[in-house]
2 protein chains.
Amino acid sequence: MPEIQFYLNDLPGNDFNTLFKRLTEFRRNYEGLSFFVMGTPGSFIERIFPQNCMHLIHSSYSEFHWLSQFPLLTTAEGLPLNKGKIYISETSPPEVKEAYLAQFQEDFTNFLQCRSKETVVGAYLVLLLNGRQSADPAIKKSCYPWESLAKAISSLVSEGPMEEEKPDDLNLPYYRASQEEVQQIVQQEGSFMVEHIETLVLDVGGPSSGEEDPCIRAKKLAKSVRSFTGSILQHHLREEVMDKLYGEKFAYLIGENMSKEPIKGISIILVLRKLYQQALHVTFCMFFYESSQTYKHGEKGLLSG
Amino acid sequence: MPEIQFYLNDLPGNDFNTLFKRLTEFRRNYEGLSFFVMGTPGSFIERIFPQNCMHLIHSSYSEFHWLSQFPLLTTAEGLPLNKGKIYISETSPPEVKEAYLAQFQEDFTNFLQCRSKETVVGAYLVLLLNGRQSADPAIKKSCYPWESLAKAISSLVSEGPMEEEKPDDLNLPYYRASQEEVQQIVQQEGSFMVEHIETLVLDVGGPSSGEEDPCIRAKKLAKSVRSFTGSILQHHLREEVMDKLYGEKFAYLIGENMSKEPIKGISIILVLRKLYQQALHVTFCMFFYESSQTYKHGEKGLLSG
């Protein structure tokens, strides 16, 4: 019987203990199969495996959309380039788009370079990324829900002086790439051949999705967004204003959006193959995804939102 | 530069999170070296790695002295065979020694059989075990400190009726093997050649060890023993009597022992080599040891005492 080895990767600060405890139960359902599961702590834009040993790398909605660092968005004089916004927006100057794309290119290239060293020739990378459909990252649909979150923050600021807060410095380390951008980075890096690439549009909420009260659904969605952005915003806004921001202002704005049109989730499916054909052995690596609140700046892992 | 892969094994229930967090600091001290560390949850008397992939297995004072299950110590009629004792004793009938040795043989054979499948030919196993010096497991020195713990329990029982307690059923799932027993099991299993075996005697406490108040030292030692036996005794004694048992009765008895003669710790160093010579690659596995209170019956791992 073939033996399969799985490596589950995440940042060292995330919760491997719970995963390992659940594995015992999981194994009981597959008693006839011979497989081994290891935990691999580390950032996937760095080396995490020895050279030339992996045969399949899979990442399902991991951290590709989170940048490893905040894009540099200040003028030569140190003034904020993207004031009043927290992501690329229709009113952002071109330097903002360029800085975001440059950081994504750097991170995704690092990911490919590391995996290129670690995989055998002929190995597959099967990746699911959060992406965007439009060529322009500034059009409204691509900026969802950050345009609403920026508006919610501006509304808070307009209500009174915010002495300790620095909302103008806040730009989310987040980027939804397009299929063309991803494809171009793969080609430039040069280790992998694109076997398949596809953009999927999924309905993730809106007027057509079920019978639930739109107000309750908006609050749920706001809570979910808080789970992976709250820790970042805490560096710029006081803890005391966070409930009002997410629970009232942001929930109201996304509720308004949801009542107008369905919210679409854009995914990019990417199947890459390490160039030059060779015999394959059986060793697997799985990146796994779980929503979590432990995102830290400057780190990329897979459990963290 | 060569790349080295380490696998750190422990039972799935133990704390890998703390280990992984500390690894980040650890790596900083070895920035020039190229190594990768994985966590491997599982019991080492079962298969934990794929076939034919490991090159060095190291275990330092892990769980070999803990048996995977309680030895069967009842008569055909279900009466306790080792009444008033919790381990092999000078007054134990021969069946007790036989049952303990049989369970150790089974566990250690399972360990060797699993590692035999997982290692490449020529691989080394470097093991440090808690053992004993005498051929007879019943002589006093080999039974330390279980003779004192049994006496402490008997003393508690003699003080009053213990309706809920079942001290007669208690036999620790623990065995300190001799060098000869270990060597015989290795030879019977047949996959490994003994390259080196040695018994070390270490002074771990007693009149000659420092200036500390013997009473305080005895209490510390009793506390340490409680950390890895407390969870087992809880199945047989009420929580309420545990403080008195370890803090008073047991501490007094081992204090008496310590004042008479030094306590010796016996270790067996064992270096085994997988039979038949072959080229070695570079993959390592390290079992690691840490004192902990999470020992569970019927499981063997490496963080648990």
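Placed above this text is the structure.
Now for a description of the structure that goes with this document. (Residues numbered from 1 in each chain as written. Chains lettered and ligands numbered in written order. Predicted model: local features only at pLDDT ≥ 70, side-chain atom pairs only at ≥ 80, totals over all residues. Heavy atoms only, no water.)

### With respect to the overall build of chain A
Rule in force here: Only DSSP runs of H or I covering at least 4 residues are called helices, and only runs of E covering at least 2 are called strands; the numbering of each starts at the N terminus. Buried residues are those whose accessible area, probed at 1.4 Å on protein chains only, stays under 20% of the maximum for their type, while exposed residues exceed 50% and partly exposed ones sit between those limits. Residue contacts are defined here by distance: any two heavy atoms, one from each residue, within 4.5 Å place the two residues in contact. All accessibility values rest on the Shrake-Rupley procedure with a 1.4 Å probe; residue burial counts only the protein chains present in the view.
When helices and strands are counted, chain A shows seven helices and eight strands. Burial status across chain A gives 51% buried among its 305 residues. A fraction of 84% describes how many contacts in chain A between residues 6 or more apart in sequence connect residues 24 or more apart. For chain A, the computed accessible surface area is about 14400 Å², with 52% contributed by carbon and sulfur atoms.

### Details of the environment of A:Tyr144
Residue and element names in this part refer to chain A. Along the chain, Tyr144 falls in the loop between helix H3 (140-143) and helix H4 (146-158). Measuring from C-alpha to C-alpha, the distance between Tyr144 and Cys215 comes to 18 Å, with 71 residues separating the pair along the chain. Discounting residues that sit within four places of it in the chain, Tyr144 has contacts with Leu221, Ile254, Asn257 and Ile263.

### Observations concerning the relation of the copies chain A and chain B
Formally: Alignment of copies: least-squares fit on C-alpha atoms of residues with pLDDT of at least 70 in both copies.
The transformation that overlays chain A on chain B combines an axial shift of 0.0 Å with a rotation of 180°, and the residual RMSD is 0.1 Å. Classification of the inter-copy transformation places it as that of a two-fold axis. Rotation axis and chain A: the residue whose C-alpha lies nearest the axis is A:Gly39, separated from it by 2.4 Å. Most of the interface of chain A is mirrored in chain B, where 100% of its interface residues are also at the interface.

### Some details on the side chain of A:Asp107
Residues and elements named next belong to chain A. Rule in force here: Here a polar contact is taken to be a pair of N or O atoms separated by no more than 3.5 Å, where protein atoms must pair a possible hydrogen donor with a possible acceptor and residues adjacent in sequence count only if both atoms sit in side chains.
Position of Asp107 among the secondary structure elements: in helix H2 (residues 94-118). A relative accessible area of 2% means that Asp107 is categorised as buried. Reaching out from Asp107, the side chain makes a polar contact with the backbone nitrogen of Ser68 at a distance of 2.7 Å.

### Section: unusual backbone geometry
One non-glycine residue, A:Asn52, lies in the positive phi region at around 55°. Its place among the elements puts A:Asn52 in the loop between strand S2 (35-41) and strand S3 (54-60).

### Thoughts on the interface of chain A and chain B
How we decide: Throughout, buried area stands for the accessible area (probe radius 1.4 Å) lost by two parts on being put together, summed over both. When a carboxyl oxygen of Asp or Glu lies within 4 Å of a side-chain nitrogen of Lys or Arg, that pair is called a salt bridge. Throughout, the ten residues Ala, Val, Leu, Ile, Met, Phe, Trp, Tyr, Cys and Pro are labelled nonpolar, Asp, Glu, Lys and Arg are labelled charged, and all others, Gly among them, are labelled polar.
Facing 24 residues of chain A, the contacting portion of chain B comprises 24 residues. Summed over both sides, the interface of chain A with chain B buries roughly 2000 Å², with 58% coming from carbon and sulfur. A:Glu3 is paired through a salt bridge with B:Arg47; the nearest N and O atoms lie 3.0 Å apart. Here chain A is connected to chain B by 13 residue pairs in polar contact (both at pLDDT 80 or more). Class assignment of the residues belonging to the side of chain A that touches chain B gives a composition of 12 nonpolar, eight polar and four charged.

### Quick word on the environment of B:Ile232
Residue and element names in this part refer to chain B. Within the secondary structure, Ile232 is located in helix H6 (residues 214-233). The buried category is assigned to Ile232, whose relative accessible area is 0%. Along the chain, Ile232 and Glu248 lie 16 residues apart, while their C-alpha atoms are 19 Å from each other.

### Description of the packing of aromatic side chains
All names here are of chain B. Short version of the rule: When two rings of Phe, Tyr or Trp (its six-membered ring) have centres within 6.5 Å they constitute a pair, described as stacked for plane angles under 30 degrees, edge-to-face for angles over 60, and tilted for the intermediate range.
Inspection of the entire model under this criterion finds 42 aromatic pairs over all chains. Arranged with centres 4.7 Å apart and planes meeting at 85°, the rings of Phe64 and Phe111 form a pair that is edge-to-face. Of this pair, Phe64 sits in the loop between strand S3 (54-60) and helix H2 (94-118) while Phe111 sits in helix H2; the two residues are 47 residues apart in sequence, bridging distant segments of the chain. Here Phe64 and Phe111 have matching classes, each one buried. Plain terms: the ring middles of Phe104 and Tyr175 are 5.5 Å apart, the flat faces sit at 45° to each other, and that makes the pair tilted. Of this pair, Phe104 sits in helix H2 while Tyr175 is found in the loop between helix H4 (146-158) and strand S5 (177-178), placing the two residues 71 residues apart along the sequence.

### Here we look at the packing of H4(A) against helix H6 (residues 214-233) of chain A
Residue and element names in this part refer to chain A. Convention followed: Angles run from 0 to 180 degrees between N-to-C directions of axes, and those axes are lines fitted to C-alpha atoms, restricted for helices to the stretch in contact. Orientation categories follow fixed angle ranges, with anything under 35 degrees roughly parallel, anything over 145 roughly antiparallel, 65 to 115 roughly perpendicular, and all other angles oblique. Should the near helix be turned anticlockwise from the far one by less than a right angle, the crossing is termed left-handed; should it be turned clockwise, right-handed.
Direction vectors running N to C along H4 and H6 enclose 50°, while the axes themselves pass 13 Å from each other. Compared by their axis directions, H4 and H6 come out oblique. The chirality of how H4 crosses H6 is right-handed. Mapping the contact onto sequence places Trp146, Leu149 and Ile153 in H4 and Val225, Phe228, Thr229 and Leu233 in H6. Its residues placed into classes, the contact of H4 with H6 shows six nonpolar, one polar and no charged.

### Description of the packing of H6(B) against helix H7 (residues 239-260) of chain B
Residue and element names in this part refer to chain B. Two numbers describe how H6 lies on H7: the axes approach to 8 Å, and their chain directions differ by 135°. For the element pair H6 / H7, the angle class is oblique. Crossing geometry of H6 relative to H7 is assigned as right-handed. Here H6 contributes Arg217, Ala218, Lys219, Leu221, Ala222, Val225, Arg226, Thr229, Gly230 and Leu233 to the contact with H7, which in turn contributes Glu239, Met242, Asp243, Leu245, Tyr246, Gly247, Phe250, Ala251, Ile254, Gly255 and Met258. Of the residues in the contact of H6 with H7, the class split is 12 nonpolar, four polar and five charged.

### Here's the deal with the pattern of salt bridges
Taken as a whole and assessed by the stated rule, the structure comprises 18 salt bridges over all chains. Measuring nitrogen to oxygen at the nearest pair gives 3.0 Å for the salt bridge that ties B:Glu159 to B:Lys244. You can see B:Glu159 sitting in the loop between H4 and S5 and its partner B:Lys244 sitting in helix H7, a full 85 residues away along the chain. According to the relative accessible area criterion, B:Lys244 is partly exposed, its value standing at 33%. Where B:Lys249 meets B:Glu159, a salt bridge forms, and the shortest distance between an N and an O atom there is 2.5 Å. You can see B:Lys249 sitting in helix H7 and its partner B:Glu159 sitting in the loop between H4 and S5, a full 90 residues away along the chain. Salt bridges sharing common partners tie together A:Glu3, B:Arg47, B:Arg115 and B:Glu118.

### Describing a nonpolar patch on the surface
Note the threshold: Patch building starts from residues that exceed 30% relative accessible area and form no salt bridge, then joins like charges within 9 Å and nonpolar side chains (Val, Leu, Ile, Met, Phe, Trp, Tyr) within 5 Å.
Together, A:Phe26, A:Tyr30 and A:Leu33 give the surface a local cluster of nonpolar side chains, amounting to about 300 Å² of exposed area. Among the secondary structure elements, A:Tyr30 is positioned in the loop between helix H1 (16-28) and S2.

### A look at the pairing of strand S4 (residues 119-132) of chain B
Residue and element names in this part refer to chain B. To be explicit about the condition: DSSP-based pairing: two strands are paired if at least 2 bridges between them are found. If the strands point away from the viewer and the path from the first strand over the helix to the second runs clockwise, then the crossover is right-handed.
The element S4 is extensively covered by neighbouring structure, given that 12 of its 14 residues are classed as buried. Where S3 and S4 come together, six bridges link them in parallel fashion. Bridging across to S4, Met54 finds its partner in Thr119. Read as a crossover between parallel neighbours, the route from S3 over H2 to S4 is right-handed. Sheet analysis places S4 next to strand S7 (residues 263-274), joined by seven bridges and oriented antiparallel. In the sheet register, Asn130 faces S7, and the bridge partner there is Ser267.

### Overview of H1(A)
Quick note on the threshold: What a helix should span is 1.5 Å times the count of its residues minus one.
Taking 1.5 Å of rise per residue, the 13 residues of H1(A) would be expected to cover 18 Å, and the 19 Å separating its terminal C-alpha atoms lies within 8% of that figure. All of the buried residues in H1(A) are A:Phe16, A:Asn17, A:Leu19, A:Phe20 and A:Leu23. Tucked into the core, H1(A) has its buried residues touching strand S1 (4-10) and S2 of chain A together with helix H1 (16-28) and strand S2 (35-41) of chain B.

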